[in-house]
Every structure is written in C-alpha cells, then in structure tokens.
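Each chain, letter by letter, is given below.
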Amino acid sequence: MPKVKTNRVKYPEGWELIEPTLRELQAKMREAENDPHDGKRKCEALWPIFKIAHQKSRFIFDLYHRRKEISKELYEFCMDQGYADRNLIAKWKKPGYERLCCLRCMQPRDHNFQTTCVCRVPKNLREEKVIECVHCGCQGCASGD
C-alpha cells in the first residue's frame, strides 16, 4: 500500500499575528477576482487585483523591513508561500523605487516608445495633473512625489 502524503504546512512562530490580516486580504482578492467587470475596459477589471497584491506585499515588507516585528524565518515563509511578491519587494529596497506600484510600470517593453509608465513621472514634471496608469490604475508612484 502506498504512503499517504499529507500537505501539512509548518507555520513559523509569529504566524498567528499576521494571519488575520493576510486572510482578510485573501478574501478581498477572491472577491475582486469574482467581481463582474461589465462596462469596464479589459485593463480596468484587473486594477483591484493589482491593488490588493500590492497591499499584501507592502504589509509584509513593512512588518519585516520597517517595523521589524516579524522574524526572517516568517518573512521567508511568506515569500515562499506566495503571500508577497519577492521581485516587487526587491525593487522597493532600491533607491528611486520605494513607492513602485507594480513591476509592469517599470518595464519598457510594455509601453510606447520603450519608456516607463506615466505614473513613474514625478507630479511636478507632468503636463496633466490627474493621470491613471493603464496597467494597474496607479495615480503616481514616483519616489519624488
């Protein structure tokens, strides 16, 4: 008879402190995924999903790097389990990218003229004062704002 594999995950110490917030954000994500997108553009339907993914990553980033309230073990566990975006957090650590909304906004291949997104332009250099990013709905994530 073959062995029965259990998929039990060992949660690190401190998980009970962040679990309620992560569960709440997971519920919001499920709701945003199932939300009807009647009357919206194709890109606008994805904006709430990008926003919630950003919130989850920022929550874990702030707990570990800014407030130092969680251990490295718990931080790595959250990264490995997909609770936060490892690549986005890596960009937040670099100067000039502290407020980056999503990785698509800085990739030149996704934009006209091979530049970055309009939301990456500081507010004092913009011609239009109110803008929205086509990819994620961000209204400005330049570090100089």
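Structure first, text after, so check above.
All of the points below concern the structure found in this document. This structure is a prediction, so every number in the text was calculated from the model and none was measured. (Residues numbered from 1 in each chain as written. Predicted model: local features only at pLDDT ≥ 70, side-chain atom pairs only at ≥ 80, totals over all residues. Heavy atoms only, no water.)

All right, on to the pattern of salt bridges then. With the rule as written, the count across this model stands at nine salt bridges. The residue D35 makes a salt bridge to K40 at a minimum N-O spacing of 4.0 Å. Given the relative accessible area of 39%, D35 is considered partly exposed. Of the charged contacts in the structure, one is a salt bridge between R58 and D62, with a shortest N-O distance of 4.0 Å. (Salt bridge = Lys/Arg side-chain N within 4 Å of Asp/Glu carboxyl O. Buried < 20%, exposed > 50% of the residue type's maximum accessible area, 1.4 Å probe, protein only.)

This paragraph deals with the nonpolar core. Taken as a class, soluble globular proteins show a tendency for nonpolar side chains to be buried jointly. Judged by nonpolar contacts, the single largest core of 31 residues is most densely connected at I18, I60 and C119. Broken down by secondary-structure element, the contributors of at least two residues to this core are helix 1 (15–34), helix 2 (47–66), helix 3 (72–80) and helix 4 (86–92). With residues near it in sequence (within four places) discarded, I18 still touches F59, L63, I70, L74 and C78. (Core = buried A, V, L, I, M, F, W, Y, C linked by side-chain atoms within 4.5 Å. Helix = DSSP H or I, 4+ residues; strand = E, 2+ residues; numbered from the N terminus. Contact = heavy atoms within 4.5 Å.)

This paragraph deals with the side chain of R58. Tracing the backbone shows R58 in helix 2. For R58, a relative accessible area of 16% corresponds to the buried category. Side-chain polar atoms of R58 contact the backbone oxygen of E98, separated by 2.6 Å. Once residues lying within four places of it in the same chain are set aside, the contact partners of R58 are R66, W92, E98 and R99. (Polar contact = N/O pair within 3.5 Å; in protein donor to acceptor, adjacent residues only side chain to side chain.)

Honestly, it's all geometry; don't read function into it.
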